[in-house]
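Secondary and tertiary structure notes
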Amino acid sequence: MQETFSGGDTCRQMTTGAHRHGPRGGIFLRTFLGFLAITLATVLLFTFILTASLQAERQAAYEDEVRAQAREVAGYVANLNQLQVIFESSTMRYVLFSKVQMIHNHYNADVWIVSYDKGQLIYQFLDSGGNIVDPKYISSEAVLEQIALVYQGNEIRVQGLFPELGEDIVTIGVPWTYSDGHVVGAVLLHISTEDLRVRFADVLPSLLPAGVGVLVLGIACSLLLARSQTRPLQEITAAVRDFSKGRLDRRVQLSCGGELQALGEEINRMAFELSNMEQSRKSFVANVSHELRSPLTSIRGYVQALRDGAIPEEEREKYMDVVLDETARLTALVRDLLDLSRIESGKFPLEIARVDLCEQMRRALLSFEGRIDQKHVEVNAQLCEEPCWVMADAGRIRQVIGNLIDNALKFLPEGGTLGVGVGSAGKRVYAYVEDNGPGISADDLPFIFDRFYKADKAHTAGMGTGLGLSIVKRILEQHGGDISVSSEPGKTVFRFELAAAPEEKKAPQ
């Protein structure tokens, strides 16, 4: 058994530790990692997009640069109308072939200078080595079609135009124009697609510092966001932990706005309601203890005196009556407590039917006939001749009326006046009980329907349990009705209303 309890304690300690430290580290870490993952994904995505865009931009610029080299070569031979002139001038040949060799060495590209014969037919062409090549080498239909486009003054860019050179070779062609403006040939520049491509590694270094900066900023923002989200949760967790320990005066202190602050406010409202309920429970227990102790103490004292023979024989009957009265008081208190408990727990079923409120008022008056006659009370009844129908539980409504009349009779002076009445106002039926007693002070009126509240605190003996009006209010709330009270010296009126019952449909004759 000792080992079992020790294991249980260890388990509880581990559970408590996990509960204490889990939310603090776990929520923050998960939130931080979540924000960080989103930040990293965003940074990587934008870095990839920017790199791809920059790579495409640089590749286009590089290709334009290569095309500009072809235009420069075309500019060198702009005043020539045939290739033969190049060989006739050593200076021209030197300058031209120096340029061609520079292009070949810098861009790894071959340059052909093509001259036309009778428009679109290639007459001869010169390669990068200064060799005149047989034009039949490039006399395919696809080549002639592209040459014709250049002859019309267009620039071309075609991959795989010369299969002999390779499928990955891009041919860039620009027109060679004579001084009078007509096209006499073309400059064809052949370069590999691999040489034209700008590599990702060449672009990445320029973006790396910015990417690292954005990443550091993202980590910092993720940390701040995680803290901003977890601090309210930690405050709420701490507050709930204090509530579980009975510290209901604790409040959640948040100023973060949004749903978390709304949650904190709802938790504070819940704590306020729990605090009120706890205070009500303590007050209820104290009041029940007081109400039970007083008659029990009285009963015990009188029974002990009767048993010990301390009470003379001729007075025993009087004290037995006192014991019976206190017993009846205890019985009434227990009955009222049970009724109130059943009502508040929702286990107080109602048998709803059409009930004549006037008839219920008459029956209630008849049940108090003895007390009315004993105090010589004058009854002023204002009851409708026609039935005032409501949908209600007849027994519970009679209990409501009985409690109100009983309460009025307690405070009526000898020979006082009791007023009762029932009437209808539109779709509502009302009833009232009025007395010309001393009245209820303005300070007591707001609490008159609270459990165990007694307005006449100086004379509580024999004045009931303090539950009657509370039961009245809750029964009426179950019926969807309400009750109000007004009081001044010499006049106190309790008035309640219920919804009128719908008219019964008459069966066709």
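Let us now look at the pairing of strand β10 (residues 417-425). Here strand β8 (residues 378-382) pairs with β10 via 5 bridges, running parallel. What sits directly across from Ala381, in β10, is Val420. As paired elements, β10 and strand β11 (residues 428-435) share 8 bridges and run antiparallel to each other. Across the sheet, Ala425 pairs through a bridge with Arg428, a residue of β11.

What follows concerns the sheet that holds strand β12 (residues 482-488). Strand order in the open sheet formed by 5 strands is β8-β10-β11-β13-β12, and the pairing between neighbours is mixed. Single-partner strands in this sheet number two, and they are β8 and β12. Between one strand and the next, the sheet's axes are offset by a mean angle of 10°, whatever the strand orientation. As paired elements, β11 and strand β13 (residues 491-499) share 8 bridges and run antiparallel to each other. When the bridges of β13 are listed, Glu434 appears paired with Val493. Against the sheet, helix α9 (residues 357-367) touches β8, β10, β11 and β13, its axis set at about 165° to β10.

Moving on to the pattern of salt bridges. Inspection of every chain in the model, using the stated rule, returns 14 salt bridges. Arg67 is paired through a salt bridge with Glu63; the nearest N and O atoms lie 3.7 Å apart. Taken together, the residues span about one helical turn, with Arg67 and Glu63 both in helix α1 (residues 2-76) at a distance of 4 residues. On the basis of relative accessibility, which here comes to 12%, the residue Arg67 falls in the buried class. Residues Glu497 and Arg428 are paired through a salt bridge, measuring 3.5 Å at the closest nitrogen-oxygen approach. Residue Glu497 is found in strand β13, and its partner Arg428 is found in strand β11; the two are separated by 69 residues along the sequence. Here Glu497 falls in the partly exposed class, since its relative accessible area comes to 21%. On the basis of relative accessible area, Arg428 is assigned to the partly exposed category, the value being 25%. One continuous salt-bridge network, built from bridges that share partners, spans Glu63, Asp64, Arg67, Arg71, Glu155 and Arg157.

Another aspect to go through is the packing of α9 against helix α11 (residues 394-411). Closest axis-to-axis distance for the α9/α11 pair is 9 Å, and the angle between their directions is 50°. One element, α9, and the other, α11, form an angle in the oblique class. Our pair here, α9 against α11, has a crossing hand that is right-handed. Residues Leu357, Gln360, Met361, Arg363, Ala364 and Leu365 of α9 touch α11, and the partners they reach there are Ala394, Ile397, Arg398, Ile401 and Ile405. By residue class, the composition of the contact of α9 with α11 is 8 nonpolar, 1 polar and 2 charged.

Looking at where Thr492 falls in the secondary structure, it is placed in strand β13. Since its relative accessible area comes to 3%, Thr492 is described here as buried. For Thr492, the side chain forms a polar contact with the side chain of Ser487, separated by 2.8 Å. With sequence-adjacent residues up to four places away left out, Thr492 is seen in contact with Val433, Glu434, Asp435, Gly439, Ile440, Val485, Ser486 and Ser487.

Running from amino to carboxyl end, α11 crosses helix α12 (residues 468-478) at an angle of 150°, the nearest separation of the two axes being 9 Å. If you check the angle between α11 and α12, you find them roughly antiparallel. For α11 against α12, the interelement crossing comes out left-handed. In this structure, α11 contributes Arg396, Gln399, Val400, Asn403, Leu404 and Asn407 to the contact, and α12 contributes Gly468, Leu469, Ile471, Val472, Ile475 and Leu476. For the contact of α11 with α12, the class distribution of residues is 7 nonpolar, 4 polar and 1 charged.

The rules behind each value
Residues numbered from 1 in each chain as written. Predicted model: local features only at pLDDT ≥ 70, side-chain atom pairs only at ≥ 80, totals over all residues. Heavy atoms only, no water. Pairing = 2+ DSSP bridges. Helix = DSSP H or I, 4+ residues; strand = E, 2+ residues; numbered from the N terminus. Axes fitted to C-alpha atoms, helices over the stretch in contact; angles between N-to-C directions. Contact = heavy atoms within 4.5 Å. Salt bridge = Lys/Arg side-chain N within 4 Å of Asp/Glu carboxyl O. Buried < 20%, exposed > 50% of the residue type's maximum accessible area, 1.4 Å probe, protein only. Parallel < 35°, antiparallel > 145°, perpendicular 65-115°, else oblique. Left-handed = near helix turned anticlockwise from the far one by under 90°. Nonpolar A, V, L, I, M, F, W, Y, C, P; charged D, E, K, R; others polar. Polar contact = N/O pair within 3.5 Å; in protein donor to acceptor, adjacent residues only side chain to side chain.

From the geometry alone we can't say anything about function, so treat these as descriptive.
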